[in-house]
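# Coordinate analysis (summary)
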Protein chains: 4
Amino acid sequence: MEKEIIPVPSSADLAELFVQAHLVKHKAYVPYSNFRVGAALLTSTGKIYSGCNIENASYGLATCAERTALVKAVSEGEHSFEKIAITSDVETGFTGPCGSCRQTLAEFGLDLDVYLVNPKNESKQYKLRELLPIAFTPRDLQKPRTDHDITE
Amino acid sequence: MEKEIIPVPSSADLAELFVQAHLVKHKAYVPYSNFRVGAALLTSTGKIYSGCNIENASYGLATCAERTALVKAVSEGEHSFEKIAITSDVETGFTGPCGSCRQTLAEFGLDLDVYLVNPKNESKQYKLRELLPIAFTPRDLQKPRTDHDITE
Amino acid sequence: MEKEIIPVPSSADLAELFVQAHLVKHKAYVPYSNFRVGAALLTSTGKIYSGCNIENASYGLATCAERTALVKAVSEGEHSFEKIAITSDVETGFTGPCGSCRQTLAEFGLDLDVYLVNPKNESKQYKLRELLPIAFTPRDLQKPRTDHDITE
Amino acid sequence: MEKEIIPVPSSADLAELFVQAHLVKHKAYVPYSNFRVGAALLTSTGKIYSGCNIENASYGLATCAERTALVKAVSEGEHSFEKIAITSDVETGFTGPCGSCRQTLAEFGLDLDVYLVNPKNESKQYKLRELLPIAFTPRDLQKPRTDHDITE
Ligand SMILES: [Zn+2]
Ligand SMILES: [Zn+2]
Ligand SMILES: [Zn+2]
Ligand SMILES: [Zn+2]
């Protein structure tokens, strides 16, 4: 009897994900912060979408690398994600994603593996649910609501 | 010898903070989600600023209650915050703040006490640093950066 | 018989609106751009709400002065606005509001008078509808939609 | 003597741009608004990048179709754009882009041709500078600033 083959991202896949994050970092459009970030997102179907941060003269319209990667993937019909690698130019330690990106990624599931990667290619791994505990998710919008509160 | 008096927010103060969060929830402008949220922010100077969520036909321009409270306070010159109470109409459990709000609050310090309050006035307390571990903060922008990465 | 008195903002009111915009500009929290903006919003009920821009280490979470003023007003129950004055430190010419602010203000009506004010207190006046032609508004979300397009 | 050939987008190119906008609309992730938008952006190098709107349980993190298309292009190294086609499911009239998208596109130039396209493939054309008059652009951040204003 044949053993069922379950595709598991190999370390080769992970290495490729990290490389894509480093490479796309060089596309960052960051005239205001000069802080480059790259991200590469692995879908459940095995594809990689990569994104960089892109700023605007109106600072609030800046988009992060992680969200660029995500919207690229979603606009191609992808809704299921396995891993994301995130890198910047910061030499020491590991730079976490901003809260907006954690929230945006959480829309598609909290089981995502998040790899923080430094320029030397060293990495630390987290689950998205660790980075956004007590997350606000689509389920919160479905929960039963009361018509009055303690002040009424 | 006189004992030094350290002003600690009393439970009366906390009760008032919760009441303000409930009350401002009724100001929510939410024609699209119909999901009302209220937040009340206590400054280190003892003042309370309260905010609700405010939506827009272009969904991405919605602002959350927590950020409304924060910008009100900052625009009055406040930069130091002790506690925030957050409430919605959700009956069961406790609704966490979205990632954008965690990030926006984090700009002014991770020691903030975050109280999730339900319509019955029951609450759960967290530190902001628990809700945004490995936070991206102003210090990240100051860290030494490398000129090249593993791909170069 | 008494003539009905219709309250019209006098030039004194307008002068006060401009002063409030200048004053709140000094509250701007702009460690990243160093570009201070102040805005003062006059409600139909005759109140003035003022706001400054407030930035974040994650640039995309910056909020503009105009939106700070707006959410302050809305969170106090105001939904009808007459005029907004906007000022920055730019010496020459007149600085327009960003597109996000035009959109956020448009939610509450396109008849708003927008005054761009420079540090010398010189001003230029526009209607919001001039600054956001073919605006996307709440009505667009209500329009009849088709089930198929040319590609189907 | 040979006549110099200046590449002009033909009506065939424009037709293709519109088709791409219609097609990507079907990828929209809009569980909250149920309002689908598609956009296709033509670069100066002749490539088309297409994007849809993508929403989030935290409404403020929604991204529009136009911005999805833009960040895809920029993350591939494109900074110069000729035309954008924008379409939704609205049957009658033409739906304009939101202010945030006008601002985000303006970062890369106000000469962009903006085509509003309806499901029947009828269109109206605007210049971005018409849709965002008195635009706030990167140049505004460079202008000389004063150290004091009328209130000082
Ligand atoms: Zn981010
Ligand atoms: Zn929020
Ligand atoms: Zn703005
Ligand atoms: Zn938009």
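Residues numbered from 1 in each chain as written. Chains lettered and ligands numbered in written order. Predicted model: local features only at pLDDT ≥ 70, side-chain atom pairs only at ≥ 80, totals over all residues. Heavy atoms only, no water.

Put simply, the test is: UniProt positions are given in the numbering used here, feature names are shortened, and annotations may be inferred rather than shown by experiment.
The name that an unreviewed UniProt entry assigns to chain A is Cytidine deaminase, with the source organism given as Rotaria sordida. Note on chain A: under the UniProt heading Sequence similarities (unreviewed entry), the record states "Belongs to the cytidine and deoxycytidylate deaminase family." Under the Function (unreviewed entry) heading, UniProt states for chain A: "This enzyme scavenges exogenous and endogenous cytidine and 2'-deoxycytidine for UMP synthesis."

### Side note on the overall build of chain A
Counted only if it meets this: The way it works is that DSSP assigns letters per residue, a run of H or I at least four long becomes a helix, a run of E at least two long becomes a strand, and they are numbered from the N terminus. The cut-offs for exposure are 20% and 50% of the maximum accessible area for each residue type, with area from a 1.4 Å probe on protein chains only; residues under the lower value are buried, those over the upper are exposed, and the others partly exposed. Contacts are residue-level and defined by heavy atoms, with any inter-residue pair within 4.5 Å sufficient. For every accessible area listed, the method is Shrake-Rupley and the probe measures 1.4 Å; residues are considered covered only by the protein chains on display.
The number of helices and strands found in chain A is 4 helices and 5 strands. When its helices and strands are written in sequence order, chain A yields α-β-β-α-β-α-β-β-α. Taking all 152 residues of chain A together, 59% fall into the buried category. Taking as baseline every contact in chain A between residues at least 6 positions apart, the subset at least 24 positions apart corresponds to 60%. Working note: accessible area of chain A is about 6,400 Å², and carbon and sulfur atoms make up 50% of it.

### Here we look at the relation of the copies chain A and chain B
Our working definition: Least-squares superposition aligns the copies on the C-alpha atoms of those residues with pLDDT at or above 70 in both.
Take chain A, turn it by 180°, move it 0.0 Å along the axis, and it overlays chain B with an RMSD of 0.0 Å. Both copies are brought into coincidence by an operation consistent with a two-fold rotation axis. Here 100% of the contact residues of chain A are again contact residues in chain B; the copies associate through an equivalent surface.

### Digging into the interface of chain C and chain D
Stated precisely, the cut-off is as follows: Two parts placed together each lose some accessible area under a 1.4 Å probe, and adding up what both lose gives the buried area. Criterion for a salt bridge: a side-chain nitrogen of Lys or Arg within 4 Å of a carboxyl oxygen of Asp or Glu. The term polar contact refers here to a pair of N or O atoms within 3.5 Å; inside protein, the definition further demands a hydrogen-donor-capable atom paired with an acceptor-capable atom, and it admits residues adjacent in sequence only when both atoms are side-chain atoms. Side-chain classes follow a simple rule in which Ala, Val, Leu, Ile, Met, Phe, Trp, Tyr, Cys and Pro form the nonpolar group, Asp, Glu, Lys and Arg form the charged group, and the remainder, Gly included, forms the polar group.
Contact with chain C, which involves 43 residues of that partner, is made by 43 residues of chain D. Across the interface of chain C and chain D, roughly 3,500 Å² is buried in total on both sides, 60% from carbon and sulfur atoms. Connecting chain C to chain D are 2 salt bridges. On inspection of chain C and its partner chain D, the count reaches 19 residue pairs in polar contact (both at pLDDT 80 or more). In terms of residue class, the side of chain C that touches chain D is made up of 19 nonpolar, 13 polar and 11 charged.

### As for the sheet that holds strand 5 (residues 123-127) of chain A
Residues and elements named next belong to chain A. How we decide: Strands pair, by our definition, only if DSSP identifies at least two bridges between them. What counts as an axis is a line fitted to C-alpha atoms, over the stretch in contact for a helix, and the angles between N-to-C directions run from 0 to 180 degrees.
Within the open sheet, the 5 strands sit side by side as 2-1-3-4-5. Their pairing is mixed. Strands at the two margins of the open sheet, each flanked by one partner only, are strand 2 (48-52) and strand 5. Averaged over all neighbouring strand pairs, the angle between strand axes comes to 20°, with direction disregarded. Pairing of strand 1 (residues 37-43) with strand 3 (residues 81-88) involves 7 bridges; the strand directions are antiparallel. Paired with alanine 40 across the bridge in strand 3 is alanine 85. On the sheet, helix 1 (residues 11-25) packs against strand 1, strand 2, strand 3, strand 4 (113-117) and strand 5 and is oriented at approximately 145° with respect to strand 1.

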